[in-house]
Amino acid sequence: MEIGKNYTVEITVEEKDTALAVGSGALLVLATPRMIALMEEAAMKSVSSDLSEGDTTVGTLMNVSHVKATPVGAKVTARAELTGVEGRKLTFEVKAYQGETLIGEGTHERFVVNIERFMSKLG
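Notes on the structure follow. (Residues numbered from 1 in each chain as written. Predicted model: local features only at pLDDT ≥ 70, side-chain atom pairs only at ≥ 80, totals over all residues. Heavy atoms only, no water.)

**A short note on the overall build of the chain**
When helices and strands are tallied, the chain shows 3 helices and 5 strands. Whereas a compact globule of 123 residues would reach a radius of gyration of roughly 14 Å, the chain reaches 15 Å, a difference of no more than 12%. C-alpha extents for the chain along the principal axes are approximately 40 × 35 × 20 Å. Within the chain, the 17 negative side-chain charges are centred at a point lying 2 Å from the centre of the 13 positive side-chain charges. (Helix = DSSP H or I, 4+ residues; strand = E, 2+ residues; numbered from the N terminus. Rg over C-alpha atoms; globule rule 2.2 N^0.38 Å. Lys, Arg positive; Asp, Glu negative; His and termini not counted. Charge placed at Lys NZ, Arg CZ, Asp CG, Glu CD.)

**So, the nonpolar core**
Membership of the largest hydrophobic core comes to 21 residues, with the highest contact counts inside it found for Leu30, Val76 and Phe92. Residue contacts for phenylalanine 92: discarding those within four places in its chain leaves Ala43, Ser46, Val47, Ala80, Glu81, Leu82, Thr83, Gly106, Thr107, His108 and Arg110. (Core = buried A, V, L, I, M, F, W, Y, C linked by side-chain atoms within 4.5 Å. Buried < 20%, exposed > 50% of the residue type's maximum accessible area, 1.4 Å probe, protein only. Contact = heavy atoms within 4.5 Å.)

**Thoughts on the side chain of aspartate 17**
The residue aspartate 17 is located in the loop between strand E1 (6-12) and helix H1 (19-22) in this model. Within the structure, aspartate 17 has its side chain in polar contact with the side chain of arginine 34 (distance 2.7 Å). For aspartate 17, the contacting residues outside a window of four places in its chain are Ile11, Thr12, Val29, Leu30, Ala31 and Arg34. (Polar contact = N/O pair within 3.5 Å; in protein donor to acceptor, adjacent residues only side chain to side chain.)

**Here we look at the sheet that holds strand E2 (residues 55-66)**
If you walk across this open sheet you meet the 5 strands as E1-E3-E4-E5-E2, and the pairing is antiparallel. A single partner strand is all that each edge strand has here, and the edge strands are E1 and E2. On average, each strand axis in the sheet is inclined to that of its neighbour by 25 degrees, with strand direction left out of account. Of the strand pairs in this sheet, strand E3 (residues 75-86) and strand E4 (residues 89-98) are connected by 10 bridges, and their pairing is antiparallel. Of the residues in E4, the one forming a bridge with alanine 80 is valine 94. Across the face of the sheet, helix H2 (residues 32-47) comes into contact with E1, E2, E3, E4 and strand E5 (101-114) while running at roughly 140 degrees to E2. (Pairing = 2+ DSSP bridges. Axes fitted to C-alpha atoms, helices over the stretch in contact; angles between N-to-C directions.)

**Some words on the environment of lysine 95**
Assignment of secondary structure puts lysine 95 in strand E4. The partly exposed category is assigned to lysine 95, whose relative accessible area is 26%. Between the C-alpha atom of lysine 95 and that of glutamate 81, which follows or precedes it by 14 residues, the distance is 8.9 Å. Not counting the four nearest positions on each side in its chain, lysine 95 is found in contact with Met39, Thr77, Ala78, Arg79, Leu102, Gly104 and Glu105.

**Examining the pattern of salt bridges**
A full pass over the atoms with the stated rule returns 7 salt bridges. Measuring nitrogen to oxygen at the nearest pair gives 3.2 Å for the salt bridge that ties glutamate 40 to arginine 110. On the criterion of sequence distance, the pair formed by glutamate 40 in helix H2 and arginine 110 in strand E5 is long-range, its members being 70 residues apart. Between arginine 79 and glutamate 81 there is a salt bridge, and its shortest N-O distance comes to 3.1 Å. A relative accessible area of 30% means that arginine 79 is categorised as partly exposed. Classification of glutamate 81 as partly exposed rests on a relative accessible area of 23%. When salt bridges with common partners are traced through the structure, they connect Lys16, Asp17 and Arg34 into a single cluster. (Salt bridge = Lys/Arg side-chain N within 4 Å of Asp/Glu carboxyl O.)

In structure tokens, the structure reads:
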């Protein structure tokens, strides 16, 4: 996997994406857990084409700040860029924007796992 690989996802904030709807707050603004999910999606998709057949990535650490509220109806983009590869551990810089305005940023770690082996360990 190549350092600098990146991917961007975009949504229009709907009521189902709000803090009130997901139970993380009482306001009709983009929920922090929803912002984090977008960041994870961007990270996962940024490297998915580089994985061996039968492998995927799983999120293991998210360290982000949510610095600005975003209303229902606004467009949000989340971008992840691969900044480190140590064996199976992948590190990403993640950012989310409403237009040009930064609404969240941080770091995210994922691990490459074999799907069959990973699922066989659940129980």
